[in-house]
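# Examining the three-dimensional arrangement
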Amino acid sequence: LQGDLPLSPAQCLHYTLSQPGVSVAVAGVKSVTELDVDLHYLEAGAAEKDFSAALQRFQQGLQGVCTYCNHCAPCPEEIDVSAMMQFLADTRRFGVDVERRYDYAHLPVPPSFCVECGVCVERCPFGVDIVAELRELVRLHEP
């Protein structure tokens, strides 16, 4: 059940349920034992549910790296920041080719709509300078 995971099932459920906008978590189970483990969450105390130490360790190893977690969302300008960060990673990996030029030209809300309010940067648990990354994406794709 827990194996080599850095979080217990109770911590995983608590993390999931603590996310903004999440009110239900559907835990998949393969056995009665797994169901019992998941249901234990209802009786677990605060210390048993606390995931902060594991989250801190995880975040330290990923400072400055976008994990496409969407904690930056929503963008006031309706930019899909996570998708733009993936687009930038692909552009850096493969270059600005015909396919990426086409995809960029057909984005519903391009990164050039960013007004640099910084809301996404404030929300990012990994300290990514999202505004600078969006600027870089614009620089690479808009002459």
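We now turn to the structure provided with this report. (Residues numbered from 1 in each chain as written. Predicted model: local features only at pLDDT ≥ 70, side-chain atom pairs only at ≥ 80, totals over all residues. Heavy atoms only, no water.)

### A few points about a nonpolar patch on the surface
Let me state the cut-off plainly: Surface patches are defined over residues having more than 30% relative accessible area and no salt bridge, joining like charges when they lie within 9 Å and nonpolar side chains (Val, Leu, Ile, Met, Phe, Trp, Tyr) when within 5 Å. Areas reported here follow the Shrake-Rupley algorithm with a probe of radius 1.4 Å; residue values treat only the protein chains shown as occluding. One speaks of a salt bridge when a side-chain nitrogen belonging to Lys or Arg is within 4 Å of a carboxyl oxygen belonging to Asp or Glu. Each helix corresponds to a stretch of at least 4 residues labelled H or I by DSSP, and each strand to a stretch of at least 2 residues labelled E; elements are numbered beginning at the N terminus.
A cluster of nonpolar side chains, namely Val29, Leu35, Leu39 and Leu42, defines an oily patch on the protein surface of about 360 Å² accessible area. Positionally, Val29 belongs in the loop between helix 1 (9-17) and helix 2 (32-39).

### Brief notes about the packing of aromatic side chains
Formally: The pairing test for Phe, Tyr and Trp rings, Trp by its six-membered ring, is centres within 6.5 Å, and the orientation test on the planes gives stacked under 30 degrees, edge-to-face over 60, and tilted for anything in between. Each residue's exposure class comes from its accessible area (1.4 Å probe, protein chains only) as a fraction of the maximum for that residue type: buried when under 20%, exposed when over 50%, partly exposed otherwise.
On inspection of all chains with the given rule, the structure shows 2 aromatic pairs. Geometrically, the ring pair formed by Tyr15 and Phe51 is edge-to-face, given 5.2 Å between the ring centres and 90° between the ring planes. Note that Tyr15 is positioned in helix 1 and Phe51 in the loop between helix 3 (46-49) and helix 4 (52-61), a separation of 36 residues in sequence. The partly exposed category is assigned to Tyr15, whose relative accessible area is 26%. Judged by its relative accessible area of 14%, Phe51 falls in the buried class. Look at Phe87 and Tyr104: their rings are 5.9 Å apart centre to centre, the planes differ by 55°, and that puts the pair in the tilted class. Here Tyr104 lies in helix 6 (residues 98-105) and Phe87 lies in helix 5 (residues 81-94), a separation of 17 residues in the sequence.

### A closer look at the environment of Leu13
The condition that has to hold: Should any heavy atoms of two residues lie within 4.5 Å, those residues are counted as being in contact.
The residue Leu13 is located in helix 1 in this model. If we skip the residues at most four places from it in the chain, Leu13 touches Ala25, Ala27, Asp38 and Tyr41.

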